[in-house]
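Survey of secondary and tertiary structure
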2 protein chains.
Amino acid sequence: MKNALEREIPDYIEGYGEVLPFQGAYANPMVKKKIGSRESVVGPNETKILSSIDEALDKVKIRDGMTISFHHHLRNGDHVLNMVLEKIAERGIKDITLASSSIFPVHAPLVEHIKNGVVTKIVASYISGPVAEAISSGSMKKPAVLQTHGGRARAIESGDLHIDVAFVAAPTADNYGNLNGLQGKSACGALGYAVADCQFADRVVAITDHLVPYPNCPIEISQIYVDYIVKVDSIGDAEGIVSGTTKITKDPVGLKIAKMASGVMKASGLVKEGMSFQTGAGGISLAVAKELKEIMEKEGIQGSFASGGITGYIVDMFREGLFRYLFDVQCFDLKAVESYTQSHKHQRMSASMYGNPHNKGAVVNNLDIVILGATEIDTDFNVNVTTASDGTIMGGSGGHSDTAAGAKLTIIVSNLMRARLPLIRDKVTTVNTPGETIDVLVTERGIAVNPKRQDLIEKLKDTNLPVMTIEELKAIGEKLTGKPKAIETEEDIIAVVEYRDGTVIDVIRKIKE
Amino acid sequence: MKNALEREIPDYIEGYGEVLPFQGAYANPMVKKKIGSRESVVGPNETKILSSIDEALDKVKIRDGMTISFHHHLRNGDHVLNMVLEKIAERGIKDITLASSSIFPVHAPLVEHIKNGVVTKIVASYISGPVAEAISSGSMKKPAVLQTHGGRARAIESGDLHIDVAFVAAPTADNYGNLNGLQGKSACGALGYAVADCQFADRVVAITDHLVPYPNCPIEISQIYVDYIVKVDSIGDAEGIVSGTTKITKDPVGLKIAKMASGVMKASGLVKEGMSFQTGAGGISLAVAKELKEIMEKEGIQGSFASGGITGYIVDMFREGLFRYLFDVQCFDLKAVESYTQSHKHQRMSASMYGNPHNKGAVVNNLDIVILGATEIDTDFNVNVTTASDGTIMGGSGGHSDTAAGAKLTIIVSNLMRARLPLIRDKVTTVNTPGETIDVLVTERGIAVNPKRQDLIEKLKDTNLPVMTIEELKAIGEKLTGKPKAIETEEDIIAVVEYRDGTVIDVIRKIKE
């Protein structure tokens, strides 16, 4: 069958199950009740501290076929996923479904566990490095499932993704399971991606390298959700957890794109008192923040909030009073961690509160402007940030689709050429974010507005910005790069791309060798 | 049948259902999964603001037989329960179950709604004033259900108490339903008793008199739980919401009891570095806090936390550094509200986190010492704070049973005579807290230790404290008051007293007139 974006998708996928096809960004064809969760009673005088990961595996009765979860706040410095899987593998356990909010190059040892059948399925919102390569080459028994950050919370809350045991890397914990990411040698800031896991998993094991006296306040994840705590020497490598600083691009092309994007924002009429804004941690995205900062300063505008994974640059804007509040699901750098620790106006949010489409209203719904990237975009404005143009997995939506769906103005900023290949395609290799949720594409050679935003096209007529159709922009790009060869794929599906509402927006097939 | 405390209880009660008898404070005969909750999706560009309570009643499709809930943070200043019920009564709706965490004299208009059949059942943790009198006189169609604070959270989370619509009095709200009790003319501090309602009710309506720009931070109850917001002129009367100050007793008998209680605490060995402590807002309870304060200052002791409903006196101890943290489920006075607003070390907790016996460990489980009152206590140390000695309802457990079950040392402080009647009975009129969870009774004439605490009896031998058996203490009391006449009751059950685990610990029968 074909879904609403004309992507060819089987109605049943082995290792995944029945497919509910994507029906439109706001169709929500299957809103479910929140599931219940198993309650394990801890009474007075019971202890939650265990001596080792092995003891925790005994307590949770780890066995073949279970689904275990991890969060990615320690990013490329995470030790916890590897430690736990090593112990599971030692026991000869097979057929684990690994639900990790993201997977990074540091998780390379997972490739062996995939090959040995310890892990036969992966569910994640972002996968890069050796594990992505292993999946792309067809090493996994079952297709990987790629979700959005909000979609993952939705899947956990609705029971679509039932977690038997959640393992939580906790930079600080007390002996009763109150957790936060604020202190200790592995401090990472907000723990927003771990919240749903803790609330809905049958069993929750916190793994920490910084055990403090009870109570560990402020509490981000409460004792009422945590069964066991294991103290280890190190949950991560500080170098990989947070970068010292996130930096604005120095590339003149990137700066030009940022300048043009700020022109679009301004023309839209959304840059005004009380505005809300989100941008990523990439160099061009931060350059757009800098442009916005200058406008806000000049015009004396104070915004309501900035959101997302928070960077030092956004913290600076907040401290300067350009935003009254920050909504933070994860801290990208040390300045963000510091700010999160100091001010209650730097407010944490769970992944559900950030982007779940099926709760009573996520933060993304209140976003005015979001700045996003793209690996490819097609003439229907569908975006790919999941696969490289050679068809291999190299990322995933993360919050891309969530923010695009919520924001009043979604701007894609990108060079027109990427690795000598054209950005704009007739058809993107993989869709993760539907074109109906994308408003504008800004490149160094021109700006294309989604035709459904005639209001915006009108507003941009009053500017000097180089607005053209996406087809025109595509032609300019192809003059530089030539038309790329289509990649050839086999029938085998190596990954299923879920939209935030749980429908299937695309599948990724194995590349012909 | 008889339960574990030998109370006569039918195995089925009309209007209540099957009875699961009390089987011991830590037996937990029916731990259930958390239930799911209905999810109502709020998408981008949808508004949650409604113009009136009537519009909210339309939106939630209010109808006969529904269960609606309220919280009691506005205490005797609350306008919200009366406002909503008036609108429901105007519609001719009948047979409502009213689940309010507590009911106060201000809720007198409810008596008419009971008589008219608008409200036919009440579930609460504390009931005083005209509504208590109406229930006692047999005006309700179905028996009232009295729960503990932790037991109420348990009942809501497990589905034993399913809430169709939760109405939340919100001292501050934004237009997307982020709520707190910190600002506005009806500021009341922490909103711990409303949390389970918001998480598990099918529909949640916030009613506020202080609507602020989005986002309303810090967020105590998140937008992801709130369907609608209604702005009204006034949700409460500040005079009744928080008292200006809570005061230590000046009565020399009360001060003597406090002094003796501090001797018991000291002898127990629990007054030491890292200790935790809870006491009520009553005059003697606060006098015990003062005694503890002096010991801690003199000996240079710093405690880990104080918990419960927080008073200014406890805030002073916290500010002086005698406790590192406060766990607050409700603020009793203005100083507590102010402290809660200022410091993240003054940490909020939900009723579930406070005292639910069926989650993964409540705060009460980590309490060292709790100081509680009693209306009556019997020679098995069972306590009544629910009915007066004439058998009429005048209160309820609140957190009494929760803290008694959790704390390492539970001390009852009370005058030996109360309203010319003896405190100590062969059998209390109503049991709400089982004797096995009470360690010591301190009165002005002597101290009785529960025989199961032989360790404590040994420790008290080294002091000058007047320790005796509870029978001896009872005899002293009866010399002063005479033996009271037993009250005569009819068969009709007017209220069912649930222990925190949901079992029935006692029933209250109608008094013979």
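So, here is what we can say about the structure in this document.

Rules and cut-offs
- Residues numbered from 1 in each chain as written.
- Chains lettered and ligands numbered in written order.
- Predicted model: local features only at pLDDT ≥ 70, side-chain atom pairs only at ≥ 80, totals over all residues.
- Heavy atoms only, no water.
- Buried < 20%, exposed > 50% of the residue type's maximum accessible area, 1.4 Å probe, protein only.
- Helix = DSSP H or I, 4+ residues; strand = E, 2+ residues; numbered from the N terminus.
- Arc of directions from axis to C-beta.
- Polar contact = N/O pair within 3.5 Å; in protein donor to acceptor, adjacent residues only side chain to side chain.
- Contact = heavy atoms within 4.5 Å.
- Buried area = accessible area lost by both parts, 1.4 Å probe.
- Salt bridge = Lys/Arg side-chain N within 4 Å of Asp/Glu carboxyl O.
- Nonpolar A, V, L, I, M, F, W, Y, C, P; charged D, E, K, R; others polar.
- Axes fitted to C-alpha atoms, helices over the stretch in contact; angles between N-to-C directions.
- Parallel < 35°, antiparallel > 145°, perpendicular 65-115°, else oblique.
- Least-squares fit on C-alpha atoms with pLDDT ≥ 70 in both.

Along helix α11 (residues 334-342) of chain A, the positions that sit buried rather than exposed are Ala336, Val337, Ser339 and Tyr340 of chain A. Mapping the buried residues of α11 of chain A onto a view down its axis gives an arc of 165°, with all of them on the same face.

Time to look at the side chain of Thr208 of chain B. Residues and elements named next belong to chain B. Along the chain, Thr208 turns up in strand β11 (residues 203-208). Engagement of the side chain of Thr208 in a polar contact is seen with the backbone nitrogen of His210, the distance being 3.1 Å. Residues contacting Thr208, with those up to four places away along its chain left out, are Ala170, Pro171, Thr172, Ala173, Ile229, Val230, Lys231, Val232 and Ile235.

Moving on, we come to the interface of chain B and chain A. A common way to express how large an interface is: the accessible area buried when the components associate. Facing the 60 residues of chain B at the interface are 60 residues of chain A. Summed over both sides, the interface of chain B with chain A buries roughly 4,700 Å², with 54% coming from carbon and sulfur. Among the salt bridges present, the one from Lys360 of chain B reaches Asp227 of chain A, with a minimum N-O distance of 2.7 Å. If you look at where chain B meets chain A, you find 24 residue pairs in polar contact (both at pLDDT 80 or more). Those elements that provide at least two residues to the side of chain B that touches chain A are β11, β14 (303-310), β15 (323-331), β16 (346-348), α12 (351-355) and α13 (400-406) of chain B. Counting residues per element, the side of chain B that touches chain A draws most heavily on β15 of chain B, at three residues. The residue makeup of the side of chain B that touches chain A, split by class, is 26 nonpolar, 20 polar and 14 charged.

Attention now goes to the packing of helix α9 (residues 283-299) of chain B against helix α10 (residues 312-319) of chain B. Residue and element names in this part refer to chain B. Taken N-terminus to C-terminus, the directions of α9 and α10 make an angle of 10°; their axes are 10 Å apart at the nearest point. When the axes of α9 and α10 are compared, the pair comes out roughly parallel. Residues Leu286, Ala289, Lys290, Leu292, Lys293 and Met296 of α9 lie in contact with α10, whose contacting residues are Tyr313, Ile314 and Met317. Of the residues that constitute the contact of α9 with α10, the class distribution is seven nonpolar, no polar and two charged.

Here chain B sits on chain A after a turn of 180° about the axis and a move of 0.0 Å along it, with an RMSD of 0.0 Å. Those values place the two copies in the arrangement expected of a two-fold rotation axis. Taking C-alpha positions as the reference, the residue of chain B nearest the rotation axis is Gly36 of chain B, at 2.1 Å. Most of the interface of chain B is mirrored in chain A: 100% of its interface residues are interface residues there too.

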